[in-house]
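Observations on the model geometry
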Amino acid sequence: MRLFPVSLCTAVASRRQSFPLHGRDVARWFPGHMAKGRNPLFQETLGLKPHLLVLNKMDLADLTEKQKIMQHLEGEGLKNIIFTNCVKDENITQIIPKITELVGSSYRYHRAENMEYCIMVVGIPNVGKSSLINSLRRQHLKTGKAARVGGEPGITRAVTSRIQVSERPLMFLLDTPGVLAPQIGNVEIGLKLALCGTVLDHLVGEETMADYLLYILNQHRMFKYVQHYGLSGASDDIESVLKSIAVRLKKTRKVKVLTGTGDVNVVQPNYSAAACDFLRTFRSGLLGPMMLDRDILQGCLPADTDP
């Protein structure tokens, strides 16, 4: 375990206690392709049908408070939950048996003349819906991927044709474009969604997102970024952090500066490229598992505590 320099303690002591949210237009971060899929009755309709909540990318989440997460979701009426990692096919084999159980126990879905299952995969952008379909096919059909995947939102832009994921039982899935709430009124929620890659980075601004990420990492006392980028210590100054990252990665650009003797080419750090690398590093899990909504769980009692 690496011991950080004394300057780390000073930076932690003086870290920001809040992030400036004023003047940020969260409405324009909302991608156009998702607006087509908005339905104010979606949650009401979903409540009438058997449904399973799959929380993917569990390898990137801090699950030390998993029981509190389950408790909070159950309080929201979500009782059928499976945590997965589609990259390594973790817990994928639990999904089809659970779907079969849920559909079989629903009195509205006993149709002896048609024994096949057709399931719609719905979720916010870039959470791994297509990866889930491909993972199910690997596990149950021993075949390659059938749905396009990518590391940014908007890869799936229309409801696809049915994709078979199982033979026994015969089950088909429909991949769908990502959907979000009609309005994201809370700017900080919008920033959290952006950090998870649910909107295109340039809509929010890479440097704005990097600044919020730095704020969150320091708030959570997660200082792996110091070691990863070889910094002298933790910092709350995004400009100095991005400058150090740019220098370390040799991300620079030439800028023409007008002087009294003519144009002069000056080499400057490429802050945007450094911010993009900072975000990619976080999303790949190299800065440690993160629970962005930790504040929401503070009101949840431990699982073994009586109310």
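Calculation rules
Residues numbered from 1 in each chain as written. Predicted model: local features only at pLDDT ≥ 70, side-chain atom pairs only at ≥ 80, totals over all residues. Heavy atoms only, no water. Helix = DSSP H or I, 4+ residues; strand = E, 2+ residues; numbered from the N terminus. Buried < 20%, exposed > 50% of the residue type's maximum accessible area, 1.4 Å probe, protein only. Contact = heavy atoms within 4.5 Å. Areas by Shrake-Rupley, 256 points an atom, 1.4 Å probe, with all protein chains shown as cover. Core = buried A, V, L, I, M, F, W, Y, C linked by side-chain atoms within 4.5 Å. Pairing = 2+ DSSP bridges. pLDDT = per-residue confidence, 0-100. Axes fitted to C-alpha atoms, helices over the stretch in contact; angles between N-to-C directions. Parallel < 35°, antiparallel > 145°, perpendicular 65-115°, else oblique. Nonpolar A, V, L, I, M, F, W, Y, C, P; charged D, E, K, R; others polar. Left-handed = near helix turned anticlockwise from the far one by under 90°. Phe/Tyr/Trp six-rings, centres within 6.5 Å; stacked < 30°, edge-to-face > 60°. Expected span 1.5 Å × (residues − 1).

This next bit is on the overall build of the chain. Along the backbone of the chain there are 13 helices and seven strands. When the 307 residues of the chain are sorted by exposure, 40% land in the buried category. Across the chain, contacts joining residues at least 24 apart in sequence account for 67% of those joining residues at least 6 apart. Only carbon and sulfur atoms are counted for the fraction: they give 53% of the accessible area of the chain, which is about 17900 Å².

Here we take up the nonpolar core. Ranked by internal contacts, the top residues of the largest apolar core, which has 35 residues, are Leu195, Leu217, Tyr225 and Phe278. Elements represented by at least two residues in this core include exactly helix H7 (187–195), helix H9 (206–219), helix H10 (224–228), helix H11 (238–249) and helix H12 (271–283). If near-sequence neighbours (up to four positions away) are discounted, leucine 195 is found in contact with Met209, Tyr212, Leu213, Leu279, Phe282, Arg283 and Leu292. If you look at the next biggest cluster of nonpolar residues, it comprises 17 residues, including Tyr117, Ile119, Leu136 and Val165.

Here strand E3 (residues 117–121) shows one buried face, formed by Tyr117, Ile119 and Val121, and one open face, formed by Cys118 and Met120. As paired strands, E3 and strand E5 (residues 171–175) are joined by five bridges and run parallel to one another. Paired with isoleucine 119 across the two strands is leucine 173, which belongs to E5.

To continue, consider the confidence of the model for the chain. Put simply, the chain has an average pLDDT of 81, and 76% of its residues get 70 or more. The low-confidence segment residues 1–11, where pLDDT is below 50, has 14 contacts with residues more than four positions distant or belonging to other chains.

In the contact formed by H11 and H12, the axes pass within 8 Å of each other and the chain directions differ by 90 degrees. Here H12 runs roughly perpendicular to H11, going by the angle between their axes. Between H11 and H12, the residues in contact are Ile238, Glu239, Leu242, Lys243, Ile245, Ala246 and Leu249 and Tyr271, Ala274, Ala275, Asp277 and Phe278, respectively. Of the residues belonging to the contact of H11 with H12, the class tally is nine nonpolar, no polar and three charged.

Strands sit in the order E3-E5-E4 across an open sheet of three strands; the sheet is mixed. On the outer flanks of this sheet lie E3 and strand E4 (163–166), each paired with one strand and no other. For this sheet, the mean angle separating the axes of adjacent strands, direction not counted, is 35 degrees. Relative to E4, helix H6 (residues 129–140) is tilted by about 50 degrees, and along the sheet it contacts E3, E4 and E5.

Let us now look at the packing of H9 against H12. The N-to-C vectors of H9 and H12 enclose an angle of 45 degrees; their axes lie 9 Å apart at closest approach. If you check the angle between H9 and H12, you find them oblique. Crossing handedness for the pair H9 and H12: left-handed. When H9 is examined against H12, the residues Glu206, Glu207, Met209, Ala210, Leu213, Leu214 and Leu217 are found in contact with a partner set consisting of Tyr271, Ser272, Ala275, Cys276, Phe278, Leu279, Phe282 and Arg283.

Bringing helix H4 (residues 66–75) into the picture now. Among the residues making up H4, those that are buried are Lys68, Ile69, Met70 and Leu73. Downstream of H4 by one or two residues, glycine 77 has phi in the positive range, about 90 degrees.

So, on to the packing of aromatic side chains. Applying the stated rule across the entire model yields five aromatic pairs. Summarising the aromatic geometry, the rings of phenylalanine 19 and tyrosine 215 are spaced 5.7 Å apart at their centres and angled 40 degrees between planes, so their arrangement reads as tilted. Note that phenylalanine 19 is positioned in the loop between helix H1 (6–13) and helix H2 (32–35) and tyrosine 215 in helix H9, a separation of 196 residues in sequence. With centroids separated by 6.0 Å and ring planes inclined at 35 degrees, the aromatic side chains of tyrosine 212 and tyrosine 215 adopt a geometry described as tilted.

On to the pairing of E4, then. Summarising the sheet, E4 and E5 pair through three bridges and their orientation is antiparallel. Within E5, the residue paired with glutamine 164 across the bridge is phenylalanine 172. In textbook terms, the turn of a hairpin is the stretch between consecutive antiparallel strands, and for E4 and E5 this stretch comprises four residues.

This part covers the side chain of threonine 281. Mapped onto the elements of the fold, threonine 281 is located in helix H12. In this structure threonine 281 comes out as buried when scored by relative accessible area, which is 6%. Excluding its chain neighbours within four sequence positions, the residues that come into contact with threonine 281 are His228, Tyr229, Leu286 and Leu287.

Its 12 residues place the ends of H6 17 Å apart at the C-alpha level, agreeing with the 16 Å of an ideal helix rising 1.5 Å per residue. Every buried residue of H6 is accounted for by Lys129, Ser130, Leu132, Ile133, Asn134, Ser135, Leu136 and Arg137. Contacts made by the buried residues of H6 are with strand E1 (53–55), helix H5 (95–104), E3, E4 and E5. Two residues or fewer after H6 comes lysine 142, characterised by a positive phi angle close to 55 degrees.

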